[in-house]
Amino acid sequence: MRLNTLQRIIDRYQARRRRLHTAQNLPGAANRSGPSGRNDAMAGPSTPSYTWEATPIFRDRALDAAFKRNGFVVIPLLGDESIQRLRDGYEQLADKPASPFHTGLPGTTYEFKRESHELIVREVATLAMERLVEFRPLIGTFMAKQPANDSAMWTHRDWSIVDARKSLSVNFWCPLCDSDATNGAVCLVPGSHRDAPIWGSGFPSMANVLENIPENAFHQPRIPCGWALVMNQGLVHRSGPNQSPTTRVATSLALIPQKAEAVHYAWDQDTNRINVWRIDTEFFLQYAFDGAPLPETLKLVATIAPPQPFGRRGPSPRWTPSAGARR
Ligand SMILES: O=C(O)CCC(=O)C(=O)O
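Rules used in this analysis
- Residues numbered from 1 in each chain as written.
- Predicted model: local features only at pLDDT ≥ 70, side-chain atom pairs only at ≥ 80, totals over all residues.
- Helix = DSSP H or I, 4+ residues; strand = E, 2+ residues; numbered from the N terminus.
- Buried ≥ 20, exposed ≤ 12 C-beta atoms within 10 Å, placed from the backbone.
- Contact = placed C-beta atoms within 7 Å.
- Pairing = 2+ DSSP bridges.
- Axes fitted to C-alpha atoms, helices over the stretch in contact; angles between N-to-C directions.
- Near = placed C-beta within 6 Å.
- Expected span 1.5 Å × (residues − 1).
- Bend = angle between axes of the 7 residues up to and from the residue.
- pLDDT = per-residue confidence, 0-100.

Our next topic: the overall build of the protein chain. Within the protein chain, the regular secondary structure consists of seven helices and 12 strands. Looking at the protein chain as a whole, 39% of its 327 residues are labelled buried. Looking at the protein chain alone, contacts between residues at least 24 apart form 80% of all its contacts between residues at least 6 apart.

If you trace the three strands from one edge of the open sheet to the other, you get β10-β11-β12, paired in antiparallel fashion. Edge positions in the sheet fall to β10 (263-268) and β12 (299-304), since each of these pairs with one other strand and no more. Averaged over all adjacent pairs, the angle separating strand axes in this sheet is 30°, with direction ignored. The pairing of strand β11 (residues 273-278) with β12 spans five bridges and is antiparallel. Of the residues in β12, the one forming a bridge with isoleucine 274 is isoleucine 304.

Moving on to the pairing of strand β5 (residues 170-175). Across the six residues that make up β5, a large majority, six, are buried. Side chains Val170, Phe172 and Cys174 project from β5 onto one buried face, and the interleaved Asn171, Trp173 and Pro175 project onto a second face that is buried too. When β5 meets strand β7 (residues 227-232), the two strands line up antiparallel, connected through four bridges. Bridging across to β7, tryptophan 173 finds its partner in leucine 229. Both β5 and strand β9 (residues 248-257) contribute to a ladder of six bridges, which runs antiparallel. When the sheet's bridge partners are listed, phenylalanine 172 is paired in β9 with leucine 253.

Taken together, the residues surrounding the ligand are Met143, Lys145, Met153, Asp158, Asn171, Trp173, Gly184, Val186, His237, Ser239, Ala250 and Ser252. Where the shell around the ligand is concerned, the elements lending two or more residues are β3 (135-145), β5, β8 (237-239) and β9.

We now examine unusual backbone geometry. Even without glycine at this site, aspartate 95 takes up a positive phi of about 60°. Considering the arrangement of structural elements, one finds aspartate 95 in the loop between α4 (80-92) and β2 (101-102). A tally of 13 C-beta atoms within 10 Å means that aspartate 95 is categorised as partly exposed. Here the phi dihedral of phenylalanine 289 falls at roughly 65°; this positive angle occurs in a residue that is not glycine. Position of phenylalanine 289 relative to the elements: it lies in the loop between α7 (281-286) and β12.

End to end, helix α5 (residues 110-131) covers 30 Å across 22 residues, agreeing with the expected 32 Å (1.5 Å per residue, within 8%). Along α5, the helix axis deviates most sharply at valine 124, where the bend reaches about 45°. Considered for burial, the residues of α5 that qualify are Phe112, Lys113, Ser116, His117, Leu119, Ile120, Glu123, Val124, Ala128 and Arg131. Those residues of α5 that are buried lie in contact with β1 (72-76), α4, β3, β5, β9 and α7.

The next point concerns the sheet that holds β3. Overall, antiparallel pairing links the six strands, which are arranged β1-β7-β5-β9-β3-β2 in an open sheet. Each edge of the open sheet carries a strand with a single partner, namely β1 and β2. The strands touched by α5 are β1, β3, β5 and β9; relative to β3, the strand with the most contacts, the crossing angle is about 125°.

Now for the confidence of the model for the protein chain. The predicted model of the protein chain has a mean per-residue pLDDT of 83, with 78% of residues at 70 or higher. Ignoring residues within four places in sequence, the model shows residues 13-48, a span with pLDDT below 50, making 56 contacts including any to other chains. Taken together, the stretch residues 312-327 has pLDDT below 50 and engages in 45 contacts with residues farther than four places along the chain or on a different chain.

So, about the environment of threonine 55. With respect to the secondary-structure elements, threonine 55 resides in the loop between α2 (38-41) and α3 (61-70). It is 9.0 Å that separates the C-alpha atoms of threonine 55 and valine 133, two residues lying 78 residues apart in sequence.

All right, on to the environment of alanine 228 then. Tracing the backbone shows alanine 228 in strand β7. For alanine 228, the contacting residues outside a window of four places in its chain are Ile75, Leu77, Phe172, Trp173 and Cys174.

It is worth spelling out the environment of glycine 291 at this point. Tracing the sequence through the fold places glycine 291 in the loop between α7 and β12. Using a count of 8 C-beta atoms within 10 Å as the deciding quantity, one classes glycine 291 as exposed. For glycine 291 and serine 201, which are 90 residues apart along the polypeptide, the C-alpha to C-alpha distance reads 7.2 Å.

Below you can see the structure in the form of structure tokens.
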């Protein structure tokens, strides 16, 4: 009886929220047509409905509110011993990619990815999960940037790894040295997670969507050694070249809600459909990326229509600042 009453209150609260959002055209509206045109273009089965806004992500309420508003927070995380173990562990890994910047996934061996993942889960996952409400780690990688002019990472959003209509994923990005613009720290567009469409392999390049973001929309946090930049994976971000004399190594750990299913979205050009595959950590370890065939063991969960305009069928929509963006 009490549970029924509680459920009725929750239902009424959620219905009120939906009405409010519809009236104000804020993210959360059932059938929103956003101010950017990007949301209109992405409307359809893949449009996020932001139901996660009502669900706590961080245990700390102030962090939770800041994370939902801006799409990121910067928090202290790792102790000195942990930082040292991660640095030593990275140094000892065989087959490190030689490119000026690597994310630890494409162009690496299964063993490199597995050992990186296990070490990062050991050192980072428990601390990350303590800050969050019922999340679990999916994949950990080292991201290393050598001193080089061509070590920048282009402006992008991370691939969707959960169904964005119901859920969200977070990335704990922890530099193992003090990190800022001089050594290629992550730079981001606050609030841009609200416009995030689904994204995955074989999708048209994001570059033409994101190229017109004005420079002053980017925010460059300074992240002390061992602190974490925690990002909603839909947030627009990039990192500049490492202009310092030493290699910048960071750990990256993607986490998803305990109850969420991990998925990979892949555009099939022949059918012009998006295949939704069920994945787990093994997917990231086995998959070669860069257009390689997907592992044969994946199970197909659904096939959905791509949003329009998309790929061959027309130009990509232009980006404009989200109403939610705030510094
Ligand atoms: O480590 C970097 O410089 C870039 C990180 C990044 O783009 C990511 O985690 O998606």
